[in-house]
Amino acid sequence: MADLPPPTLRLHIDKDALAHNWRALDRLSGTARAGAAVKADCYGLGVDTCLPVLRDAGCRDFFVAHWSEVPAVLGRVPAEQISVLHGVGCAAEAEYARATGVRPVIDSVRQAQIWTESGAGPCHLMVDTGINRLGISPGEASAPAIQALSVEVLMSHLACADEDSDKNPAQLGAFREVMNKVAHRETSLANSAGVALGSEFSFDLTRPGLALYGGVPRPELAEIIQQVAYPQTRIIQTRQISAGESVGYNATFTATSQMRIGVVSLGYADGILRSWGGAHFEGDGKRLPILGKVSMDMIVLDLTDASDIGEEDWVSLPYHLPDAAQQTSLSQYELLTVLGRRFG
Ligand SMILES: *Cc1c(COP(=O)(O)O)cnc(C)c1O
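Below is a summary of the structure that appears in this document. (Residues numbered from 1 in each chain as written. Predicted model: local features only at pLDDT ≥ 70, side-chain atom pairs only at ≥ 80, totals over all residues. Heavy atoms only, no water.)

**Concerning the overall build of the protein**
Part 1 of the argument: On a plain count of helices and strands, the protein comes out with 11 helices and 18 strands.
Part 2 of the argument: For the C-alpha atoms alone, the extent of the protein along its principal axes is close to 75 × 55 × 35 Å.
Part 3 of the argument: The contacts of the protein with a sequence gap of at least 6 include a subset with a gap of at least 24, amounting to 63%.
Part 4 of the argument: Accessible area of the protein: about 15500 Å², with a carbon and sulfur share of 48%.
Part 5 of the argument: Side-chain charges in the protein split into 28 positive and 40 negative, and the spacing between the mean points of these groups amounts to 2 Å. (Helix = DSSP H or I, 4+ residues; strand = E, 2+ residues; numbered from the N terminus. Contact = heavy atoms within 4.5 Å. Areas by Shrake-Rupley, 256 points an atom, 1.4 Å probe, with all protein chains shown as cover. Lys, Arg positive; Asp, Glu negative; His and termini not counted. Charge placed at Lys NZ, Arg CZ, Asp CG, Glu CD.)

In C-alpha coordinates:
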(Lines give C-alpha, C1' and ligand atoms only; values in the text may rest on other atoms or scores of the structure.)
Protein backbone atom coordinates (compact mmCIF):
# COMPACT_ATOMS: atom_id res chain seq x y z
CA MET A 1 0.00 0.00 0.00
CA ALA A 2 1.18 3.50 -0.83
CA ASP A 3 1.79 5.87 2.06
CA LEU A 4 -1.16 8.07 2.85
CA PRO A 5 -0.36 11.73 2.08
CA PRO A 6 -0.44 14.14 5.03
CA PRO A 7 -3.88 15.37 6.11
CA THR A 8 -5.21 18.79 5.14
CA LEU A 9 -6.76 19.38 8.54
CA ARG A 10 -5.28 18.83 11.95
CA LEU A 11 -6.20 19.35 15.57
CA HIS A 12 -3.15 20.61 17.40
CA ILE A 13 -3.28 19.62 21.07
CA ASP A 14 -1.13 21.76 23.35
CA LYS A 15 0.02 19.04 25.76
CA ASP A 16 1.81 21.52 28.03
CA ALA A 17 -1.43 23.48 28.41
CA LEU A 18 -3.34 20.27 29.19
CA ALA A 19 -0.81 19.29 31.87
CA HIS A 20 -0.84 22.86 33.20
CA ASN A 21 -4.65 22.82 33.45
CA TRP A 22 -4.69 19.56 35.41
CA ARG A 23 -1.99 20.80 37.80
CA ALA A 24 -3.79 24.13 38.25
CA LEU A 25 -7.08 22.36 39.03
CA ASP A 26 -5.28 19.96 41.36
CA ARG A 27 -3.79 22.95 43.21
CA LEU A 28 -7.16 24.73 43.30
CA SER A 29 -8.67 21.57 44.78
CA GLY A 30 -6.66 22.27 47.94
CA THR A 31 -6.22 19.19 50.11
CA ALA A 32 -8.33 17.18 47.64
CA ARG A 33 -6.70 15.61 44.58
CA ALA A 34 -8.00 16.29 41.11
CA GLY A 35 -9.15 13.44 38.91
CA ALA A 36 -10.07 13.76 35.25
CA ALA A 37 -13.25 13.17 33.27
CA VAL A 38 -11.93 11.42 30.14
CA LYS A 39 -15.34 10.39 28.79
CA ALA A 40 -16.29 10.97 25.16
CA ASP A 41 -12.69 10.42 24.05
CA CYS A 42 -11.39 13.16 26.36
CA TYR A 43 -14.19 15.49 25.29
CA GLY A 44 -13.37 14.86 21.64
CA LEU A 45 -9.65 15.67 21.88
CA GLY A 46 -8.50 12.04 21.88
CA VAL A 47 -7.77 9.62 24.72
CA ASP A 48 -4.63 8.47 22.89
CA THR A 49 -3.15 11.96 23.02
CA CYS A 50 -4.59 13.32 26.26
CA LEU A 51 -4.63 10.42 28.72
CA PRO A 52 -0.83 9.91 28.90
CA VAL A 53 -0.41 13.65 29.48
CA LEU A 54 -2.90 13.64 32.37
CA ARG A 55 -1.35 10.49 33.84
CA ASP A 56 2.18 11.87 33.59
CA ALA A 57 1.05 15.13 35.19
CA GLY A 58 0.03 13.06 38.22
CA CYS A 59 -3.66 12.25 37.71
CA ARG A 60 -4.76 8.95 39.26
CA ASP A 61 -8.56 8.98 38.92
CA PHE A 62 -10.17 8.71 35.48
CA PHE A 63 -13.89 8.87 34.71
CA VAL A 64 -15.64 7.54 31.60
CA ALA A 65 -19.39 7.26 30.99
CA HIS A 66 -19.70 4.00 29.02
CA TRP A 67 -18.13 0.56 29.31
CA SER A 68 -17.26 0.85 25.62
CA GLU A 69 -14.87 3.63 26.60
CA VAL A 70 -12.90 1.43 28.99
CA PRO A 71 -10.55 -0.45 26.60
CA ALA A 72 -8.92 2.76 25.31
CA VAL A 73 -8.14 3.79 28.90
CA LEU A 74 -7.37 0.40 30.40
CA GLY A 75 -4.07 -0.21 28.65
CA ARG A 76 -2.69 3.06 29.96
CA VAL A 77 -3.63 3.25 33.63
CA PRO A 78 -4.39 0.64 36.30
CA ALA A 79 -7.96 -0.69 36.27
CA GLU A 80 -8.75 0.47 39.78
CA GLN A 81 -8.09 4.08 38.70
CA ILE A 82 -10.90 3.93 36.13
CA SER A 83 -14.54 4.61 37.02
CA VAL A 84 -17.57 4.11 34.79
CA LEU A 85 -20.18 6.75 35.57
CA HIS A 86 -23.14 4.89 34.05
CA GLY A 87 -22.62 2.02 36.47
CA VAL A 88 -23.82 -1.53 35.95
CA GLY A 89 -27.24 -1.67 34.29
CA CYS A 90 -27.14 -5.39 33.50
CA ALA A 91 -25.30 -8.57 34.48
CA ALA A 92 -22.97 -8.37 31.45
CA GLU A 93 -21.69 -4.96 32.57
CA ALA A 94 -21.15 -6.21 36.12
CA GLU A 95 -19.28 -9.23 34.78
CA TYR A 96 -17.03 -7.01 32.67
CA ALA A 97 -16.36 -4.75 35.66
CA ARG A 98 -15.38 -7.71 37.81
CA ALA A 99 -13.24 -9.27 35.09
CA THR A 100 -11.31 -6.05 34.43
CA GLY A 101 -11.23 -4.57 37.93
CA VAL A 102 -12.64 -1.28 36.64
CA ARG A 103 -14.87 0.44 39.22
CA PRO A 104 -18.55 0.95 38.49
CA VAL A 105 -20.27 4.02 39.90
CA ILE A 106 -23.47 2.52 41.31
CA ASP A 107 -26.37 4.80 40.39
CA SER A 108 -29.51 3.11 41.71
CA VAL A 109 -30.80 0.49 44.12
CA ARG A 110 -31.33 -1.79 41.13
CA GLN A 111 -27.69 -1.37 40.08
CA ALA A 112 -26.60 -2.10 43.66
CA GLN A 113 -28.53 -5.39 43.50
CA ILE A 114 -27.02 -6.29 40.13
CA TRP A 115 -23.53 -5.57 41.49
CA THR A 116 -24.06 -7.58 44.66
CA GLU A 117 -25.60 -10.51 42.77
CA SER A 118 -22.60 -10.58 40.44
CA GLY A 119 -20.29 -11.05 43.42
CA ALA A 120 -19.85 -7.40 44.47
CA GLY A 121 -16.45 -5.90 45.28
CA PRO A 122 -15.30 -2.30 45.61
CA CYS A 123 -17.43 0.28 43.82
CA HIS A 124 -18.33 3.95 43.94
CA LEU A 125 -21.78 5.33 44.72
CA MET A 126 -23.51 8.32 43.10
CA VAL A 127 -26.11 10.15 45.15
CA ASP A 128 -28.48 12.48 43.35
CA THR A 129 -28.71 15.66 45.42
CA GLY A 130 -30.79 17.67 42.99
CA ILE A 131 -29.80 17.30 39.33
CA ASN A 132 -32.29 14.43 38.93
CA ARG A 133 -30.17 12.48 36.53
CA LEU A 134 -28.21 9.44 37.69
CA GLY A 135 -27.81 8.44 41.33
CA ILE A 136 -29.75 7.09 44.28
CA SER A 137 -31.93 9.65 46.02
CA PRO A 138 -30.82 10.56 49.57
CA GLY A 139 -33.84 8.67 50.97
CA GLU A 140 -32.54 5.44 49.43
CA ALA A 141 -29.22 5.62 51.31
CA SER A 142 -30.54 3.34 54.06
CA ALA A 143 -31.83 0.67 51.63
CA PRO A 144 -30.26 -2.72 52.45
CA ALA A 145 -28.87 -3.07 48.90
CA ILE A 146 -27.03 0.24 49.33
CA GLN A 147 -25.83 -0.52 52.85
CA ALA A 148 -24.40 -3.82 51.57
CA LEU A 149 -22.06 -2.04 49.13
CA SER A 150 -18.37 -1.59 49.70
CA VAL A 151 -18.18 2.10 48.71
CA GLU A 152 -14.83 3.62 47.90
CA VAL A 153 -15.88 7.08 46.71
CA LEU A 154 -19.27 8.49 47.63
CA MET A 155 -20.09 11.13 45.05
CA SER A 156 -22.70 13.57 43.87
CA HIS A 157 -22.87 15.98 40.95
CA LEU A 158 -23.69 19.71 40.90
CA ALA A 159 -26.40 20.98 38.57
CA CYS A 160 -25.51 24.69 38.55
CA ALA A 161 -21.84 24.96 39.51
CA ASP A 162 -21.23 27.37 36.62
CA GLU A 163 -23.76 29.82 38.10
CA ASP A 164 -24.07 31.60 41.45
CA SER A 165 -27.12 29.56 42.34
CA ASP A 166 -28.80 28.71 45.65
CA LYS A 167 -28.71 25.16 44.36
CA ASN A 168 -24.97 24.91 45.06
CA PRO A 169 -25.14 25.29 48.87
CA ALA A 170 -28.36 23.23 48.87
CA GLN A 171 -26.67 20.33 47.11
CA LEU A 172 -23.63 20.69 49.36
CA GLY A 173 -25.87 20.38 52.44
CA ALA A 174 -27.74 17.39 51.03
CA PHE A 175 -24.44 15.68 50.20
CA ARG A 176 -23.10 16.24 53.72
CA GLU A 177 -26.23 14.62 55.18
CA VAL A 178 -25.90 11.52 53.02
CA MET A 179 -22.24 11.19 54.01
CA ASN A 180 -23.39 10.24 57.49
CA LYS A 181 -25.70 7.53 56.22
CA VAL A 182 -23.46 5.47 53.91
CA ALA A 183 -20.08 4.04 54.88
CA HIS A 184 -17.41 5.12 52.41
CA ARG A 185 -13.69 5.73 52.13
CA GLU A 186 -13.68 9.03 50.25
CA THR A 187 -16.02 11.75 48.97
CA SER A 188 -16.28 13.70 45.71
CA LEU A 189 -18.63 16.47 44.54
CA ALA A 190 -17.00 19.09 42.30
CA ASN A 191 -16.72 19.16 38.51
CA SER A 192 -14.60 21.89 36.83
CA ALA A 193 -16.87 24.73 37.86
CA GLY A 194 -17.29 23.22 41.32
CA VAL A 195 -13.52 23.46 41.88
CA ALA A 196 -13.88 27.24 41.63
CA LEU A 197 -16.75 27.39 44.15
CA GLY A 198 -14.47 27.13 47.18
CA SER A 199 -12.68 24.58 49.29
CA GLU A 200 -15.86 23.30 50.99
CA PHE A 201 -16.89 21.82 47.63
CA SER A 202 -13.64 19.92 47.07
CA PHE A 203 -13.90 17.04 49.60
CA ASP A 204 -11.31 14.28 48.84
CA LEU A 205 -11.44 14.14 45.05
CA THR A 206 -12.54 16.58 42.36
CA ARG A 207 -13.68 15.52 38.88
CA PRO A 208 -12.85 18.24 36.36
CA GLY A 209 -13.43 17.64 32.68
CA LEU A 210 -14.18 20.78 30.66
CA ALA A 211 -11.50 22.98 32.23
CA LEU A 212 -8.79 20.39 31.59
CA TYR A 213 -9.45 20.78 27.90
CA GLY A 214 -9.49 24.59 27.92
CA GLY A 215 -13.09 25.35 28.91
CA VAL A 216 -13.78 28.21 31.29
CA PRO A 217 -17.07 27.50 33.10
CA ARG A 218 -16.62 30.29 35.69
CA PRO A 219 -14.84 33.67 35.50
CA GLU A 220 -12.59 32.69 38.44
CA LEU A 221 -10.86 30.23 36.08
CA ALA A 222 -10.40 32.62 33.14
CA GLU A 223 -6.83 33.65 33.96
CA ILE A 224 -5.80 30.16 35.03
CA ILE A 225 -7.01 27.82 32.31
CA GLN A 226 -5.12 27.68 29.01
CA GLN A 227 -6.43 26.81 25.55
CA VAL A 228 -5.64 23.20 24.57
CA ALA A 229 -7.28 22.52 21.18
CA TYR A 230 -6.32 24.34 17.97
CA PRO A 231 -8.15 23.30 14.75
CA GLN A 232 -6.03 24.06 11.67
CA THR A 233 -6.66 23.48 7.97
CA ARG A 234 -5.08 24.02 4.59
CA ILE A 235 -6.30 26.29 1.82
CA ILE A 236 -6.97 23.82 -1.01
CA GLN A 237 -8.06 26.29 -3.69
CA THR A 238 -8.16 30.04 -4.25
CA ARG A 239 -10.14 32.00 -6.85
CA GLN A 240 -11.16 35.52 -7.81
CA ILE A 241 -14.81 36.52 -7.86
CA SER A 242 -16.43 39.67 -9.17
CA ALA A 243 -19.13 41.93 -7.78
CA GLY A 244 -22.49 40.16 -8.02
CA GLU A 245 -21.10 36.62 -7.74
CA SER A 246 -22.26 34.51 -4.82
CA VAL A 247 -20.55 31.92 -2.61
CA GLY A 248 -21.72 28.55 -1.36
CA TYR A 249 -25.02 26.72 -1.00
CA ASN A 250 -28.13 28.84 -1.37
CA ALA A 251 -25.96 31.77 -2.46
CA THR A 252 -26.25 33.45 0.93
CA PHE A 253 -23.19 35.64 0.35
CA THR A 254 -22.88 37.93 -2.66
CA ALA A 255 -19.73 39.92 -3.40
CA THR A 256 -20.15 43.69 -3.75
CA SER A 257 -16.72 44.11 -5.28
CA GLN A 258 -13.87 42.06 -6.72
CA MET A 259 -12.64 39.54 -4.09
CA ARG A 260 -10.01 36.88 -3.64
CA ILE A 261 -11.41 33.86 -1.81
CA GLY A 262 -10.00 30.55 -0.55
CA VAL A 263 -11.49 27.16 0.22
CA VAL A 264 -10.39 25.37 3.39
CA SER A 265 -10.55 21.63 3.82
CA LEU A 266 -13.00 21.17 6.67
CA GLY A 267 -16.68 21.64 7.34
CA TYR A 268 -19.61 20.58 9.44
CA ALA A 269 -18.62 16.90 9.15
CA ASP A 270 -15.58 17.91 11.20
CA GLY A 271 -17.69 19.68 13.80
CA ILE A 272 -17.48 23.19 12.37
CA LEU A 273 -21.23 23.61 12.39
CA ARG A 274 -23.23 26.07 10.32
CA SER A 275 -23.53 28.24 13.42
CA TRP A 276 -19.92 29.28 12.69
CA GLY A 277 -21.16 31.15 9.58
CA GLY A 278 -20.22 34.81 10.11
CA ALA A 279 -17.14 33.95 12.17
CA HIS A 280 -13.58 34.09 10.86
CA PHE A 281 -10.38 32.08 10.55
CA GLU A 282 -6.90 33.47 11.11
CA GLY A 283 -3.78 33.25 9.00
CA ASP A 284 -0.62 35.30 8.66
CA GLY A 285 -1.88 37.47 11.54
CA LYS A 286 -5.02 38.47 9.64
CA ARG A 287 -8.75 37.85 10.11
CA LEU A 288 -10.15 35.72 7.31
CA PRO A 289 -13.97 36.05 7.41
CA ILE A 290 -16.13 33.02 6.55
CA LEU A 291 -18.24 33.66 3.45
CA GLY A 292 -21.63 32.02 2.99
CA LYS A 293 -22.73 28.71 4.46
CA VAL A 294 -20.43 26.10 5.95
CA SER A 295 -20.43 22.96 3.72
CA MET A 296 -19.82 19.38 4.84
CA ASP A 297 -16.14 19.36 3.83
CA MET A 298 -15.40 22.96 2.90
CA ILE A 299 -15.58 26.52 4.17
CA VAL A 300 -14.91 29.55 1.97
CA LEU A 301 -12.83 32.42 3.36
CA ASP A 302 -12.25 36.01 2.29
CA LEU A 303 -8.57 36.33 1.41
CA THR A 304 -8.89 39.76 -0.20
CA ASP A 305 -6.75 41.44 2.48
CA ALA A 306 -4.41 38.48 2.95
CA SER A 307 -2.52 38.36 -0.32
CA ASP A 308 0.34 36.34 1.21
CA ILE A 309 -1.95 33.39 1.93
CA GLY A 310 -2.33 30.93 -0.90
CA GLU A 311 -2.97 27.31 -1.79
CA GLU A 312 -1.37 24.75 0.58
CA ASP A 313 -0.99 27.34 3.36
CA TRP A 314 -2.32 26.52 6.83
CA VAL A 315 -4.87 28.70 8.56
CA SER A 316 -6.47 28.26 11.97
CA LEU A 317 -9.92 28.57 13.48
CA PRO A 318 -9.83 30.63 16.70
CA TYR A 319 -11.02 28.10 19.28
CA HIS A 320 -10.72 29.97 22.55
CA LEU A 321 -13.74 28.23 24.02
CA PRO A 322 -15.46 31.06 25.95
CA ASP A 323 -15.24 33.36 22.91
CA ALA A 324 -16.17 30.61 20.46
CA ALA A 325 -19.21 29.73 22.57
CA GLN A 326 -20.42 33.32 22.44
CA GLN A 327 -19.86 33.52 18.72
CA THR A 328 -21.60 30.26 17.80
CA SER A 329 -24.18 29.95 20.60
CA LEU A 330 -22.90 26.41 21.20
CA SER A 331 -21.79 25.46 24.72
CA GLN A 332 -18.08 25.06 25.40
CA TYR A 333 -18.78 21.35 25.98
CA GLU A 334 -20.42 21.02 22.57
CA LEU A 335 -17.59 22.90 20.85
CA LEU A 336 -15.14 20.26 22.10
CA THR A 337 -17.14 17.08 21.72
CA VAL A 338 -18.50 17.94 18.27
CA LEU A 339 -15.03 17.99 16.66
CA GLY A 340 -14.94 15.23 14.06
CA ARG A 341 -12.71 12.26 13.41
CA ARG A 342 -11.04 13.44 10.21
CA PHE A 343 -8.49 15.62 11.99
CA GLY A 344 -4.99 14.31 11.43
C1 LIG B 1 -18.82 14.90 32.99
C2 LIG B 1 -18.79 14.80 34.46
C3 LIG B 1 -17.84 15.51 35.20
C4 LIG B 1 -16.95 16.56 34.58
O5 LIG B 1 -17.70 17.76 34.45
P6 LIG B 1 -17.12 19.09 33.82
O7 LIG B 1 -18.24 20.06 33.94
O8 LIG B 1 -16.77 18.78 32.41
O9 LIG B 1 -15.93 19.47 34.61
C10 LIG B 1 -17.76 15.27 36.55
N11 LIG B 1 -18.61 14.39 37.16
C12 LIG B 1 -19.56 13.74 36.48
C13 LIG B 1 -20.46 12.82 37.21
C14 LIG B 1 -19.70 13.93 35.12
O15 LIG B 1 -20.67 13.28 34.46
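Resuming the write-up.
**Remarks on the environment of arginine 33**
Part 1 of the argument: Mapped onto the elements of the fold, arginine 33 is located in strand 2 (residues 33-34).
Part 2 of the argument: Taking relative accessible area as the criterion, arginine 33 reaches 29% and is therefore assigned partly exposed.
Part 3 of the argument: Separated by 28 residues in sequence, arginine 33 and aspartate 61 place their C-alpha atoms 8.9 Å apart.
Part 4 of the argument: The contacts of arginine 33, once residues within four sequence positions are left out, are Asp26, Asp61, Glu186, Asp204, Leu205 and Thr206.
Part 5 of the argument: A polar side-chain atom of arginine 33 sits 3.0 Å from a polar atom in the side chain of aspartate 61.
Part 6 of the argument: A polar atom in the side chain of arginine 33 sits 2.8 Å from the side chain of glutamate 186. (Buried < 20%, exposed > 50% of the residue type's maximum accessible area, 1.4 Å probe, protein only. Polar contact = N/O pair within 3.5 Å; in protein donor to acceptor, adjacent residues only side chain to side chain.)

**A short note on helix 8 (residues 167-179)**
Part 1 of the argument: Counted at 1.5 Å a residue, the expected span for helix 8 with its 13 residues is 18 Å, and the 18 Å between its end C-alpha atoms agrees.
Part 2 of the argument: Buried residues of helix 8: Asn168, Gln171, Leu172, Phe175 and Val178, and no others. Here the buried residues of helix 8 occupy an arc of 125 degrees about the axis, which is enough to place them on one side.
Part 3 of the argument: Each element contacted by the buried residues of helix 8 is listed here: strand 8 (150-155) and strand 9 (186-188). (Expected span 1.5 Å × (residues − 1). Arc of directions from axis to C-beta.)

**Brief notes about the site of the ligand**
Part 1 of the argument: The environment of the ligand is formed by 14 residues, the closest being Lys39, Tyr43, Ser192, Leu210 and Tyr333.
Part 2 of the argument: Separating an oxygen atom of the ligand from a side-chain N or O atom of tyrosine 43 is a distance of 2.5 Å.
Part 3 of the argument: Take histidine 157: an N or O atom from its side chain is 3.4 Å from a nitrogen atom of the ligand.
Part 4 of the argument: Coverage of the ligand by the protein chains reaches 92% of its 390 Å² of free accessible surface.
Part 5 of the argument: Tallied by class, the residues present in the shell around the ligand amount to 7 nonpolar, 4 polar and 3 charged. (Near = heavy atom within 4 Å. Nonpolar A, V, L, I, M, F, W, Y, C, P; charged D, E, K, R; others polar.)

**Here's the deal with the packing of aromatic side chains**
Part 1 of the argument: Under the defined criterion, the tally for this structure stands at 5 aromatic pairs.
Part 2 of the argument: Ring geometry for tyrosine 43 versus tyrosine 333: centroids 6.4 Å apart, planes at 35 degrees, classification tilted. Taken together, the positions of tyrosine 43 in helix 2 (residues 39-43) and tyrosine 333 in helix 11 (residues 332-337) put the pair 290 residues apart, joining distant regions of the chain.
Part 3 of the argument: Judged by its relative accessible area of 7%, tyrosine 43 falls in the buried class.
Part 4 of the argument: An angle of 15 degrees between the planes, with centres 5.7 Å apart, marks the rings of tryptophan 276 and tyrosine 319 as stacked. You can see tryptophan 276 sitting in the loop between strand 14 (259-264) and strand 15 (280-283) and its partner tyrosine 319 sitting in the loop between strand 18 (314-316) and helix 10 (321-328), a full 43 residues away along the chain. Of the two residues examined, tryptophan 276 and tyrosine 319, each falls in the buried class.
Part 5 of the argument: Aromatic rings pair up to connect Tyr43, Tyr213 and Tyr333 into one cluster.
Part 6 of the argument: When the ring centre of tryptophan 314 is taken as origin, the NZ or CZ atom of arginine 10, which lies over that ring, is 3.7 Å away. (Phe/Tyr/Trp six-rings, centres within 6.5 Å; stacked < 30°, edge-to-face > 60°. Lys NZ or Arg CZ within 6 Å of the ring centre and 35° of its normal.)

**Examining the environment of valine 47**
Part 1 of the argument: The topology assignment puts valine 47 in helix 3 (residues 47-57).
Part 2 of the argument: For the pair formed by valine 47 and alanine 37, sequence separation is 10 residues and the distance between their alpha carbons is 11 Å.

**Some remarks on the pairing of strand 8**
Part 1 of the argument: Most of strand 8 sits out of view: 5 of its 6 residues are buried.
Part 2 of the argument: Across 4 bridges, strand 7 (residues 122-126) lies against strand 8 in parallel orientation. Looking across to strand 8, one finds that methionine 126 is bridged to methionine 155.
Part 3 of the argument: Of the strand pairs in this sheet, strand 8 and strand 9 are connected by 3 bridges, and their pairing is parallel. Its bridge partner lying in strand 9, leucine 154 is registered against threonine 187. (Pairing = 2+ DSSP bridges.)

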